[in-house]
Structure formats: structure tokens, C-alpha cells
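One-letter residues, chain by chain:
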Amino acid sequence: MYTASFAFFEALWEAGVTHCFVNLGSDHPSIIETMVKGQNEKKGQFPRIITCPNEMVALSMADGFARLTRKPQCVIVHVDVGTQGLGAAVHNASCGRAPVLIFAGLSPYTIEGEMRGSRTEYIHWIQDVPDQKQIVSQYCRYSGEIKSGKNVKQMVNRALQFATSDPAGPVYLCGAREVMEEDLTPYQLKQDQWSSVEPAALSEAGVKRIAEALIEAKEPLVVTGYSGRNHDAVGALVRLADTVKGLRVLDTGGSDMCFPADHRAWLGLRYGSDESIRTADVIVVLDCDVPWINTQCHPSESAKIFHIDTDVLKKQMPVHYIAAQARYSADSFTAVTQINNYLANSAISEKLSSSAYSQKWDNLLEVYNKRLASIASAAQPKDDGTFGTGHLCATLRKLVPNDTIWAIEAVTNTGFVADNIQATLPGSWINCGGGGLGWSGGGALGIKLASEWENGAGKSKFVVQIVGDGTYLFSVPGSVYWISQRYKIPVLTIVLNNKGWNAPRKSLLLVHPDGLGSKATNDELNIQIAGPDFAGIAKAAAGGNCFAGKVAKTDELERILKEAIDSVKNGTTAVVEAVVAPGC
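Calculation notes
- Residues numbered from 1 in each chain as written.
- Predicted model: local features only at pLDDT ≥ 70, side-chain atom pairs only at ≥ 80, totals over all residues.
- Heavy atoms only, no water.
- Helix = DSSP H or I, 4+ residues; strand = E, 2+ residues; numbered from the N terminus.
- Rg over C-alpha atoms; globule rule 2.2 N^0.38 Å.
- Buried < 20%, exposed > 50% of the residue type's maximum accessible area, 1.4 Å probe, protein only.
- Contact = heavy atoms within 4.5 Å.
- Areas by Shrake-Rupley, 256 points an atom, 1.4 Å probe, with all protein chains shown as cover.
- Lys, Arg positive; Asp, Glu negative; His and termini not counted.
- Charge placed at Lys NZ, Arg CZ, Asp CG, Glu CD.
- Phe/Tyr/Trp six-rings, centres within 6.5 Å; stacked < 30°, edge-to-face > 60°.
- Lys NZ or Arg CZ within 6 Å of the ring centre and 35° of its normal.
- Salt bridge = Lys/Arg side-chain N within 4 Å of Asp/Glu carboxyl O.
- Patch = residues over 30% accessible without salt bridge, like charges linked within 9 Å, V, L, I, M, F, W, Y side chains within 5 Å.
- Pairing = 2+ DSSP bridges.
- Axes fitted to C-alpha atoms, helices over the stretch in contact; angles between N-to-C directions.

### Focus: the overall build of the protein
Alright, step 1. Tallying secondary structure elements over the protein gives 21 helices and 18 strands in all.
Alright, step 2. Its C-alpha radius of gyration of 25 Å places the protein within 12% of the 25 Å reference for a compact globule of 584 residues.
Alright, step 3. Projecting the C-alpha coordinates of the protein onto the three principal axes gives extents of approximately 80 × 60 × 50 Å.
Alright, step 4. Buried positions account for 57% of the 584 residues belonging to the protein.
Alright, step 5. A separation of at least 24 residues holds for 77% of the contacts in the protein among residues at least 6 apart in sequence.
Alright, step 6. Of the roughly 24,000 Å² of accessible surface on the protein, 51% is carried by carbon and sulfur atoms.
Alright, step 7. The distance from the centre of the 54 positive side-chain charges to the centre of the 60 negative ones in the protein is 4 Å.

Laid out in C-alpha cells, this is it:
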């Protein structure tokens with residue numbers, strides 16, 4: 001029997017989707033039949049099915065997988081309630097530009113057995129809603145309903161074209177039981193006719209204008225946020241910094257490893273406020289949603305600003321603008337490569353070999369070394385034997401493999417994490433793309449799964465999740481660590497216990513620095529977290545098959561981290577609760 005559901009899965013595989021993260025329900029009889037049939041009859045040519053006992057975790061896994069590989073993955077959920085269960089993960093996938101296809105069934109539209117798939121259960125009436133797509137459509141690049149099995153492959157491929165074309169992101173398809181049960185004559189598409197849109201480039205005039213502005217600048221600056229999502233863009237940006245000596249690179253998004261920390265032009269991660277923004281006379285904003293926060297920091301009025309982005313107008317943000325001299329809708333890797341080529345072949349580039357540029361290069365190194373020394377000094381443990389996030393991360397970085405992939409969701413501690421992890425390899429740092437806390441649990445599992453898919457069984461890279469204590473609870477750890485054990489996906493999780501959700505306190509103080517709340521305790525602000533056995537939650541969910549540790553003193557830190565790392569290397573997930581001092 002060849003049904004619309006079978007054609008659906010066939011279309012996924014033919015389009016390059018290798019994994020489906022599923023949470024099944026009463027709308028999926030034909031989907032389940034197809035899974036059994038496909039796994040039995042099309043071994044090696046059928047998506048791997050990963051059962052996820054929570055929809056947000058499912059989408060976060062697909063998000064993490066797609067973020068690392070740039071290959072679209074699939075999530076299957078149950079009608080309207082499963083769609084709602086995706087929760088903040090849809091926001092994250094949208095803001096993080098993760099190519100994911102979400103499929104949900106619809107309640108049957110026939111009642112009296114007119115078609116195979118007609119209503120058979122009480123819940124089919126309760127879950128019949130006017131327009132299920134509208135639950136998530138504002139976050140999706142495309143949403144549509146499969147109304148006939150006869151063009152199901154075309155619908156899948158159209159959705160994936162949107163998902164994988166810049167700006168990439170989630171897409172949503174739904175289909176009723178009757179449609180997905182439809183019997184079909186097997187058919188194939190010409191897959192090479194369903195490619196995504198080719199990357200856009202700068203105009204010749206734009207290349208010339210930006211390149212010449214960088215050459216003439218006294219303090220040129222690139223502000224980026226997610227250009228490193230294309231791993232090739234990292235090398236292109238390094239080449240630009242090597243060419244225009246004196247150029248600095250600031251990350252104000254923290255979504256990806258956009259520029260290596262071992263380069264003298266590295267300014268690190270700073271969320272929207274840094275002295276380099278104030279002093280730069282030429283700024284190139286490259287694939288960045290929030291280059292600066294105007295109420296905290298903004299460029300000089302005389303600065304020349306050029307904005308390059310695949311979504312330069314930020315079409316899903318009702319209020320967004322950058323006071324730029326010019327803006328270009330272009331792919332970051334393509335654009336930076338064009339600028340590099342212009343600089344290599346233009347007569348004006350002779351200026352770059354002058355003594356003034358050599359002096360800039362030397363000055364950069366001096367300032368860079370001072371920055372590293374300052375970071376190291378700030379990360380020293382406290383006299384009372386406690387330590388902060390900086391010292392924890394500096395210690396951890398020395399113990400894990402050099403090619404470790406970091407899945408970060410440290411919220412108010414992210415700056416300390418970035419300063420001390422000092423990522424250098426493309427694809428080695430992946431942060432939550434949006435603001436929906438709880439991504440990193442599923443995200444880390446998806447990244448680990450993707451690394452194994454890329455490198456082969458037993459050859460995946462070491463994956464570390466660093467997550468705040470409140471965010472850890474948002475990540476649905478009961479589901480995350482059940483999946484980790486069920487599918488043998490070992491990761492190391494570090495829970496930063498700073499005794500509460502400190503982000504709301506920071507937000508409060510930015511608006512009411514001297515208000516009543518400024519003098520209140522975490523308990524009085526209703527942001528305190530006290531009592532959870534964070535690692536114990538994971539161990540229980542994994543049926544006891546999880547290393548669980550807790551550390552609060554510097555003299556115990558290295559030993560416990562080594563034990564946790566050894567556990568992961570031997571195939572068992574580890575969770576370490578680290579009690580960290582604030583502000584360092």
C-alpha cells in the first residue's frame with residue numbers, strides 16, 4: 001500500500017531530511033503505519049525516527065541538528081495541542097533561522113465513516129479548530145495544508161524551499177487523516193528542480209563603496225551576530241581582518257562562532273554595548289539583529305554605517321531600524337568574499353601596505369593581549385574558595401577536547417562563558433537563536449546527533465551544554481535525559497546555579513535603578529530558585545544511567561569535571577550543578 005503518508009516520508013528523504021523528531025497522536029494512524037513499513041522495507045533510505053516526550057524538546061533537537069549542519073530536519077506533532085506544545089521553540093527556530101519542517105495532523109473532516117481515516121474517537125471533535133496553521137504561522141517562513149495526497153511531494157518540497165532559502169527558518173504543514181490515508185500511484189519528482197534560492201550578492205557599486213570606506217577608516221569595525229552560521233564565512237571574515245589591518249570584529253548576537261578568539265581583531269561577545277561601537281568611524285553590520293542598544297550605546301553621529309544581511313529589513317520585527325548610509329540584502333559569506341576580492345585586485349589596496357597599517361596591526365596585538373590578561377584576571381577564583389562562571393569555563397576549556405562543540409544558554413552569564421571558552425573553530429559555539437528559554441537541552445542532543453551523522457558512528461565530537469539554573473528547568477529535563485538514555489546520545493551538561501532567574505532583576509535595574517526592587521531579595525522579586533536537585537532530575541529521567549555531580553568549591557572543581565567528562569567519553573551523559581559566584 002502506497003499512501004500519501006508514505007509519499008510524505010519519501011519526499012523528506014529524497015529532499016535530504018535524515019531525522020524526524022516525533023510526538024505522535026490520534027491524527028497519525030497512517031503516519032505510524034508508514035513508519036513501520038519504511039523502517040522494514042526501506043532500511044537506510046528512510047528518516048530515522050526519534051521519539052520525544054515533549055514537543056519543545058523535539059523542535060529544539062531538530063533546531064540544534066539543523067543549526068550545525070544547515071540541513072533541514074522534520075518534527076511531527078499532534079494536531080492543535082501538539083502545535084501549541086512546540087511553544088517557545090518555534091520562536092527560537094525562527095529567530096535562529098533554523099531550517100525545520102514541522103508537520104501536524106488535523107482532526108478528521110468526515111464523521112460517518114465516509115473515508116478511511118474518518119473520526120473514530122471523542123477527541124476528534126474537541127481538537128477540531130478553525131485554522132490550526134495560525135497558531136504558528138507568524139513565526140514560519142511558510143505554512144500550508146496538504147489537501148490531496150496527489151501533490152504531497154510538491155507540498156513538502158515547496159515548504160523546504162522556504163525553510164532553506166535565506167532567511168532560513170521553520171515551515172509548517174498540516175493534513176487531515178483522510179488526506180494522509182489516501183492511496184496513490186507511486187511517483188517521483190526531479191529533485192534537482194527543487195533547490196533553494198541561490199545566495200544574493202552585493203552590487204559592484206556596493207562592494208567598491210564598502211571596501212574603500214574600510215581602507216580610509218581610522219577605526220573600522222565589523223559588528224556581527226550570526227554570520228558564522230555559514231562556517232565558510234568565518235574564514236572570509238578572518239581574511240578581511242588580516243587584509244584591513246586595524247579592523248576589529250565585535251559579536252553582539254552570540255548565536256554562532258562568527259570570529260575566532262585567537263585572532264588579535266577579536267573583541268568578543270557584548271550584547272549591544274561596547275566602547276568600540278562608540279569610537280568606530282566606519283561600521284559594517286553583518287548578519288546581526290541587534291548591533292547596539294540605543295539607550296545604552298550608539299555609534300558616533302559621524303560614523304559611516306553599512307548594513308549587510310539576508311533579512312536587512314527584519315521583516316518579522318515590527319519596530320527595527322539602523323541609521324545606516326546604505327543597506328544591502330546579501331549573503332554574508334558572498335559579500336565578504338566580494339570585498340576581499342576587490343581589496344586584492346584594486347589599486348587603492350596599496351595603502352594597506354603602508355607603515356600606518358603596520359602600526360595598527362601592532363597596536364591590535366597589544367590591546368588584544370591586554371584583553372586576554374584582563375579576562376584571565378577576572379576569572380580567578382575567590383579567596384573564600386568559591387568560583388564564578390569565568391573560572392569554571394576556563395577550567396572546563398582546558399579539560400575537554402579542542403574540537404568540542406558548545407551549546408550555550410547561559411543568559412546573564414553568557415558574556416563570562418564566551419570570554420573564557422574563547423571558541424576558535426567554525427561551528428563550535430551554538431547559542432539559542434531566540435529568547436525562548438529552554439532550547440539548549442534538546443539543542444545539545446540535536447547537535448550531538450548531527451555530529452555523529454556527519455562524522456560516523458562513534459566519531460561524533462564532544463558536546464557541552466552550559467545552561468542557567470532557571471533555563472535548565474525550562475528545558476524539560478525529564479524529557480531531555482530520557483531521550484539521551486533511550487537513544488544513547490551522551491552530552492555533558494553544566495548547570496550554572498546562581499540561585500535564581502537573574503535576567504528579570506537586570507531588566508528591572510535598567511529601568512528602575514533606584515526603585516523598590518533594587519533593594520529587594522530574589523525571594524521578594526519572585527525570581528529565586530532554591531531546592532532542586534538539578535543533576536538528580538536528569539539521573540531519574542535517565543533511569544539512573546547518568547553521572548550526577550555538584551560542585552561549589554574551587555578545590556573540587558577539576559576532579560568533578562574530569563569525572564563527568566570521562567563519563568561522557570564512555571557513553572553516559574553527565575550533569576554537573578556548579579554553584580557560581582555572581583558577576584564573574
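Now that the structure is up, let's keep going.
### Some points on the packing of aromatic side chains
Think of a pair of aromatic rings as described by two things: how far the centres are apart, and how the planes are tilted against each other in angle.
Alright, step 1. The tally for this structure, following the rule as stated, stands at eight aromatic pairs.
Alright, step 2. Taking 4.9 Å as the distance between ring centres and 45° as the angle between the ring planes, the aromatic pair formed by F8 and F103 counts as tilted. Linking F8 in helix α1 (residues 4-14) with F103 in strand β4 (residues 100-106), this pair joins segments that are 95 residues apart in sequence. Side by side, F8 and F103 carry an identical accessibility label, which is buried.
Alright, step 3. Three or more aromatic residues link up through ring pairs in this structure, and these residues are F8, F9, F46 and F103.
Alright, step 4. For the cation-ring pair, K245 lies above W361, with the distance from its terminal atom to the ring centre recorded as 5.3 Å.

### Considerations on the pattern of salt bridges
Alright, step 1. Applying the stated rule across the entire model yields 24 salt bridges.
Alright, step 2. Put simply, K314 and D309 hold a salt bridge, and the shortest N to O gap is 2.6 Å.
Alright, step 3. Accessibility expressed as a relative area gives 0% for D309, which makes it buried.
Alright, step 4. The structure contains a network of salt bridges with shared partners spanning E10, E14, K42 and K153.

### Digging into a nonpolar patch on the surface
Alright, step 1. Judged by side-chain polarity, I111, Y122, W125 and I126 come together as a nonpolar surface patch covering roughly 480 Å² of accessible area.
Alright, step 2. Tracing the backbone through its elements, the reader meets W125 in helix α6 (residues 123-126).

### Observations regarding the sheet that holds strand β15 (residues 463-468)
Alright, step 1. Strand order in this open sheet of six strands is β14-β13-β15-β16-β18-β17, and the pairing throughout is parallel. Every interior strand has two partners, whereas the edge strands, β14 (429-431) and β17 (547-551), have only one. Strand-to-strand twist of the sheet, defined as the mean angle between neighbouring strand axes without regard to direction, takes the value 15°.
Alright, step 2. Bridge analysis of β15 against strand β16 (residues 492-497) gives five bridges, and the strand direction is parallel. The residue of β16 that forms the bridge with I466 is I494.
Alright, step 3. The strands touched by helix α15 (residues 414-421) within the sheet are β13 (405-409), β14, β15 and β16, with β14 carrying the most contacts at an inclination of about 175°.

### Brief notes about the pairing of strand β18 (residues 574-579)
Alright, step 1. With six of six residues buried, β18 lies mostly within the body of the structure.
Alright, step 2. Residues A574, V576 and A578 line one face of β18 and the alternating positions V575, E577 and V579 line the opposite face, and both faces are buried.
Alright, step 3. Inspection of the sheet shows β16 paired to β18 by six bridges, in the parallel sense. Bridge pairing in β18 places I494 opposite V576.
Alright, step 4. Alignment of β17 against β18, held across five bridges, turns out to be parallel. Residue pairing across strands places G549 opposite V576, the latter belonging to β18.

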